[in-house]
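# Working through the structure, step by step
Chain by chain, the residues:
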Amino acid sequence: MATNNGKEGSRAGATDERPLCKYGAECYQKNPFHTARFKHQRPKVPPAESINGDSTVIPSTPDQDDDDDEKKLTMIKKKEIDEDGDGISSRIKRKSADKMSSSLAPTKRPKHHDLSMNDAMLVIKQKYLMDMPEDFYKFWQFCKMMKSDRPEEALKESLNLVLVGPYDILSGYISPENDDDIDYCCHWRFKYDPPEFQTLAVQTGDRQFHIGYHRDDPTQPPVFVAANSAAHSYVFQSYGGNMFSAVYNLLLWKAKRVQEQGADMEMSSLLNSLLEKLRCWISENQINMATKTKEMKRREKKVVAETFHTAGIVVPVCNDVGYREIPFPNFKFKKMLDTLHNPSSSEEAKDKLLDKIEEAITYVQFANDECDYGMGLELGMDLFSYGSEKLHPFIKNLLPMAYRLLKRPLYEKIIVAHLENRNKIQIGRALL
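Given the structure is predicted, the values throughout are model-derived calculations rather than measurements. (Residues numbered from 1 in each chain as written. Predicted model: local features only at pLDDT ≥ 70, side-chain atom pairs only at ≥ 80, totals over all residues. Heavy atoms only, no water.)

### Considering the overall build of the chain
Across its full length, the chain holds 16 helices and 7 strands. Relative to its full complement of 432 residues, the chain shows a buried share of 53%. Excluding contacts between residues fewer than 6 apart, the proportion of contacts in the chain whose partners are at least 24 apart in sequence is 66%. Here the chain displays about 20900 Å² of accessible surface, and carbon together with sulfur accounts for 50% of that area. (Helix = DSSP H or I, 4+ residues; strand = E, 2+ residues; numbered from the N terminus. Buried < 20%, exposed > 50% of the residue type's maximum accessible area, 1.4 Å probe, protein only. Contact = heavy atoms within 4.5 Å. Areas by Shrake-Rupley, 256 points an atom, 1.4 Å probe, with all protein chains shown as cover.)

Here you go:
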């Protein structure tokens, strides 16, 4: 530390050509990589253990920021998320449609970031505005044990699975100091991903298979890990309560399939070896591998409606206030939408169906007046899951308002950004 102070002193005596950090003296960054690239007079902090070093310790919870971190986080949120004070991200406003594509991303992996654990947790929360649960960081440690040089690719050979999303910060594909082209509301967000879903891993190929956390409220921990193949369906399937159970289930499924085919003995050996290593890690770290965790069972009791994407929705309900049913069941609603989008349907039939949808939206307005906010969330989510851009005007009328009334403003920002560029995936790097 004394050496670093001396360097700062020598810089002060000479012409310092480093660019000025955009956060100035209030900068939240602590890592030497950042202070070496940008100039700002700020108190030095002791170096922390590296997240990529062998001595990293996983904290018991991912949200143990001190008071200083909370002040920095508040400053970052205010500056990056709502500069104009109108509830819409300034970053969303300045994104154009042509930036929502894979051409944004470097095809080569940049230099690995030497972020401390506390810095990594803080940066991820500042960018994604959500805390990651304990299993997120523990799974990174497991992958680092499997492949120390590229932990994000530890499962690529066996499952064709690559860690992405918030893991892009840990792996170094996203630089915390130079990420102006990244819209975190849409980062690794596929066509059918609702705001409640956050991608953590993807398979290469045209299926667009991806897995990630599902959380009903952005201020709460995720309850389960789900998976979707966006090229084929809007349905999400539960894969367990955490990343370990999700990957374990995927390994078991593939190992069984390879064994039944009986052709690829090398792959069978690889899968069995990985399964054994995963079992040992799970046992040593006491990971909960229940098919349905207590949190998942509690959530099942709180689900007020089965949605098209099958994950359901959860809203606060007290004394029968908070949710009321939409005027048609799912199977009938799907049939209505199919008819609406069928080229052979008459214009008269389409007009009648549009009238029914508009009538349902009127019912939602009445429901909102009486605090039954779940009705608008269900109707808007089903329209969103159907996937047609023709329905976007209805969705824009329903979902942002529903999230606003439910006090889930982050999800409001995400749905607004996603609908603007829904058919383009900001993948963060050339992978798919």
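### A look at the sheet that holds strand β4 (residues 224-229)
Pairing is antiparallel across the open sheet formed by 5 strands, whose spatial order is β1-β2-β3-β4-β5. The sheet is open, and its two borders are formed by β1 (161-163) and β5 (237-240), each paired with just one other strand. Along the sheet, successive strands turn relative to each other by an average axial angle of 35°, direction set aside. With 6 bridges joining them, strand β3 (residues 209-214) and β4 adopt antiparallel strand pairing. Each residue of the ladder has a partner; that of F209, found in β4, is S229. (Pairing = 2+ DSSP bridges. Axes fitted to C-alpha atoms, helices over the stretch in contact; angles between N-to-C directions.)

### Some points on the pairing of β4
The buried fraction of β4 amounts to 6 of the 6 residues, a majority that puts the element mostly inside the structure. On β4, burial covers both faces: F224, A226 and N228 on one face and V225, A227 and S229 on the other are all buried. Relative to β5, β4 is paired through 3 bridges, and the arrangement is antiparallel. Directly across from A227, in β5, lies its bridge partner Q237.

### Let's talk about the confidence of the model for the chain
For the chain, mean pLDDT is 81; residues scoring 70 or higher make up 73% of the total. Low confidence marks residues 1-14, where pLDDT is under 50. Its contacts with residues over four positions away, or in another chain, come to 11 contacts. In this model residues 42-67 is a low-confidence stretch, pLDDT under 50, and it forms 65 contacts with partners more than four residues away in sequence or in other chains. (pLDDT = per-residue confidence, 0-100.)

### Considerations on the state of the cysteines
Scanning all chains against the criterion turns up 0 disulfides. Lacking any disulfide linkage, C185 is separated from the closest cysteine sulfur, that of C186, by 6.2 Å. Residue C185 is classed as buried on the basis of its relative accessible area of 12%. (Disulfide = S-S within 2.5 Å.)

### Description of the packing of aromatic side chains
Counted according to the given criterion, the structure contains 15 aromatic pairs. Aromatic side chains F139 and F142 sit 6.0 Å apart centroid to centroid with 40° between the ring planes, which places their arrangement in the tilted category. Of this pair, F139 and F142 both sit in helix α6 (residues 134-146), 3 residues apart, which is roughly one turn of that helix. Pairwise contacts between aromatic rings join Y192, Y234, F308, F328 and F333 into one cluster. Residue placement shows K334 over the ring face of F308; its charged tip is 5.2 Å from the ring centre. If you follow R422 out to its NZ or CZ, it ends over the ring of F384, 3.8 Å from the centre. (Phe/Tyr/Trp six-rings, centres within 6.5 Å; stacked < 30°, edge-to-face > 60°. Lys NZ or Arg CZ within 6 Å of the ring centre and 35° of its normal.)

### Focus: the side chain of D216
Along the chain, D216 turns up in the loop between β3 and β4. Overall, the relative accessible area of 12% leaves D216 in the buried class. Looking at D216, its side chain comes within polar contact range of the side chain of R299, at 2.7 Å. In this structure D216 touches E196, R299, V314, R408 and Y411, once residues within four positions along its chain are discounted. (Polar contact = N/O pair within 3.5 Å; in protein donor to acceptor, adjacent residues only side chain to side chain.)

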